[in-house]
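What follows is the residue order along each chain.
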Amino acid sequence: MSRTARIARRIYLAALCAAIVWLAITHRDAIAEQFEGARLTLIAAVGVASFGLIGLGSAWWQSSLAMLGHPVAFRDTVLATARSLPARYVPLGVTYAASRIALLAPAGPPLAALTVTAGLEMMVSTAVALAVGLALLGAAGGLGIGPAWGAAALIAATVAVAPLVGGQAVARLLERLGIRLAITRRGYLRVLAWSVAYWTWAAMTFTLYLRAFPAADAVGTVEVAGAFMVAWAVGFLAIFAPQGIGVAELGLVALLASEDTGGIALAAVFAGYRIVQAFRDGLAAVAGEIIAIRRARREPAPKG
């Protein structure tokens, strides 16, 4: 990455952190209202647990690059993921992936492998979230779109992530594009396993957050986990909205709102979850930049 790009990234990170701090100070009453009556111990636990998503997302990229024949160290994928988190707040969902591609390129993987990994993440992650989420919603009886449509969507998503279908489809597409990278069945299964682990941890973290609010006690755990996966997958595809902000919340409210849990109350609860995520992203990104700067200082200067 060029010196200009590094400076621009750090200026953006500083501006984003300053904006988070400014919003926290100027809107402290509104933020406090979001967590009024909440079980603060659970909120703190969610903040800590959410850092695990950075590790799981990093493991996914490491596994995908290894499958494609270009392994990288786990510490490199973790550092690139943490430093890329601020890019999630830029409109167009590709900025997060593009940032990780740029930061991982010096570790050795070619651009083709990094680009394919970014594309695989969107395809596999979305399909896994939909398949598992719809299955959980169906088990909880929370499919408001009708059993026939729900079953059809579940079958389609499950087939899409099946190694014999999804892996071969990706390999053939790459061949047509003139890109020859190995998509092995075992490697594809590992990628799927990491994706399932990521979404399971994400749903568990969100469910734990929701349990911090008495207003959401009426919603079942399985239904919450399923709705979270489906709504976040839809938000993931809405590239015009950073992190699917607004889209995911509307989906969650539509899936979970009932007479016992009003939509307005649920929307307010979800807004607090974004606040927790923003602080987590800021801390992780700053820590990542500090580690990267120290690592660069330890590396010997190029000769000549």
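Residue numbering note: each chain is counted from 1, following its sequence as written. Given that this is a predicted model, residues contribute local features only at a pLDDT of at least 70 and side-chain atom pairs are listed and counted only at 80 or more, while totals for whole chains, interfaces and linings are drawn from all residues. The basis for every side-chain value is the complete set of non-hydrogen atoms in the structure, without hydrogens or water.

Trainee: Pulling in residues and values, what's your account of the packing of aromatic side chains?
Mentor: Each Phe, Tyr or Trp ring (for Trp, its six-membered ring) is paired with any other whose centre lies within 6.5 Å, and the angle between the two planes then decides the class: stacked below 30 degrees, edge-to-face above 60, tilted in between. Tallied over the full model, the rule gives 10 aromatic pairs. For the ring pair Tyr-198 and Trp-199, a centre distance of 5.7 Å and an interplane angle of 90 degrees mean the geometry is edge-to-face. The interplanar angle of 45 degrees and the centroid separation of 6.1 Å between the aromatic rings of Phe-206 and Trp-232 together place this pair among those described as tilted. Taken together, the residues Phe-206 in helix H10 (residues 185–210) and Trp-232 in helix H11 (residues 221–237) connect sequence positions 26 residues apart. When its relative accessible area of 0% is taken as the criterion, Phe-206 is described as buried. Put simply, DSSP H or I for four residues or longer makes a helix, DSSP E for two residues or longer makes a strand, and each gets a number counted from the N terminus. For every residue, the accessible area (1.4 Å probe, protein chains only) is compared with the maximum for its type, and the residue is labelled buried under 20%, exposed over 50%, or partly exposed between those bounds.

Trainee: Any details on a nonpolar patch on the surface? Residues and values, ideally.
Mentor: Here the term patch refers to residues with relative accessible area over 30% and no salt bridge, with like charges joined within 9 Å and nonpolar side chains (Val, Leu, Ile, Met, Phe, Trp, Tyr) within 5 Å. Note on areas: these come from Shrake-Rupley sampling with a 1.4 Å probe, and a residue is covered only by the protein chains present in the view. Salt bridges are identified by distance alone: a Lys or Arg side-chain nitrogen within 4 Å of an Asp or Glu carboxyl oxygen. On the surface, a nonpolar cluster with roughly 240 Å² of combined accessible area is contributed by Met-122, Phe-236 and Leu-237. Locating Leu-237 in the fold gives a position in helix H11.

Trainee: Before we move on, can you summarise helix H4 (residues 51–67) with the specific residues and values?
Mentor: The periodicity of an α-helix, 3.6 residues per turn, causes residues three or four places apart in sequence to face the same way. A helix's residues, less one, multiplied by 1.5 Å, set its expected span. Here H4 contains 17 residues, and its C-alpha end-to-end distance of 25 Å stays within 8% of the 24 Å for a straight helix at 1.5 Å per residue. The buried fraction of H4 amounts to 12 of the 17 residues, a majority that puts the element mostly inside the structure. With its phi angle positive at about 90 degrees, Gly-69 sits one or two positions after the end of H4.

Trainee: If you had to explain the nonpolar core to someone new, which residues and values would you point to?
Mentor: For the purposes of this section, nonpolar cores are sets of buried Ala, Val, Leu, Ile, Met, Phe, Trp, Tyr and Cys residues that join through side-chain atoms within 4.5 Å. The biggest cluster of nonpolar side chains holds 60 residues, and the ones touching the most others in it are Phe-206, Tyr-209, Phe-228 and Leu-252. Looking at this core, the element that brings in the most residues is helix H7 (residues 111–140), giving 10 residues.

Trainee: Please set out the side chain of Ser-99 residue by residue, giving values where relevant.
Mentor: For Ser-99, the position within the fold is in helix H6 (residues 94–104). Ser-99 gets classed as buried once you look at its relative accessible area, which sits at 13%. For this analysis, a polar contact is any N or O atom pair within 3.5 Å, provided that within protein one partner can donate a hydrogen and the other can accept it, and provided that sequence-adjacent residues contribute only side-chain to side-chain pairs. Looking at Ser-99, its side chain comes within polar contact range of the side chain of Ser-84, at 2.9 Å.

Trainee: Residue-level account of the pattern of salt bridges, with values.
Mentor: Here the structure, examined in full by the defined rule, presents five salt bridges. Note that Asp-281 and Arg-280 form a salt bridge whose closest N and O atoms lie 2.6 Å from each other. Across this residue pair, the class does not change: Asp-281 and Arg-280 are buried. Within this structure, Arg-88, Arg-280 and Asp-281 form a network of salt bridges that share partners.

Trainee: Explain the packing of helix H3 (residues 40–49) against H10 to me, and be specific about the residues and the numbers.
Mentor: The geometry of H3 relative to H10 is characterised by a closest axis approach of 8 Å and an angle of 160 degrees between their N-to-C directions. One way to sum up the angle between H3 and H10 is to call them roughly antiparallel. By crossing handedness, the relation of H3 to H10 is classed as left-handed. Where H3 approaches H10, its residues Leu-42, Ile-43, Ala-45, Val-46 and Ala-49 are matched on the opposing element by Trp-201, Thr-205, Leu-208 and Tyr-209. Gly counts as polar in this scheme, as do all residues outside two lists: the nonpolar Ala, Val, Leu, Ile, Met, Phe, Trp, Tyr, Cys and Pro, and the charged Asp, Glu, Lys and Arg. In terms of residue class, the contact of H3 with H10 is made up of eight nonpolar, one polar and no charged. Between N-to-C directions, angles span 0 to 180 degrees; the directions come from axes that are lines fitted to C-alpha atoms, helices contributing only their stretch in contact. Convention used here: angles under 35 degrees read as roughly parallel, angles over 145 as roughly antiparallel, angles from 65 to 115 as roughly perpendicular, and any remaining angle as oblique. Crossing chirality is assigned from the near helix's rotation relative to the far helix, an anticlockwise turn below a right angle marking it left-handed and a clockwise turn marking it right-handed. Residue contacts follow a heavy-atom distance rule, with two residues in contact if any of their heavy atoms lie within 4.5 Å.

Trainee: Summarise the environment of Val-247; cite the residues concerned and give the values.
Mentor: By the element assignment, Val-247 lies in helix H12 (residues 247–256). The exposure class of Val-247 is partly exposed, given its relative accessible area of 23%. Distance from Val-247 to Phe-236, taken between C-alpha atoms, is 8.9 Å for residues 11 residues apart in sequence.

Trainee: Now, about the environment of Ala-225: what can you tell me, with residues and values included?
Mentor: Note on placement: Ala-225 falls in helix H11. The buried category is assigned to Ala-225, whose relative accessible area is 12%. Sequence separation between Ala-225 and Trp-201 is 24 residues, and the spatial gap between their C-alpha atoms is 9.9 Å. When sequence neighbours within four positions are dropped, the list of residues in contact with Ala-225 reads Leu-136, Ala-203 and Thr-207.

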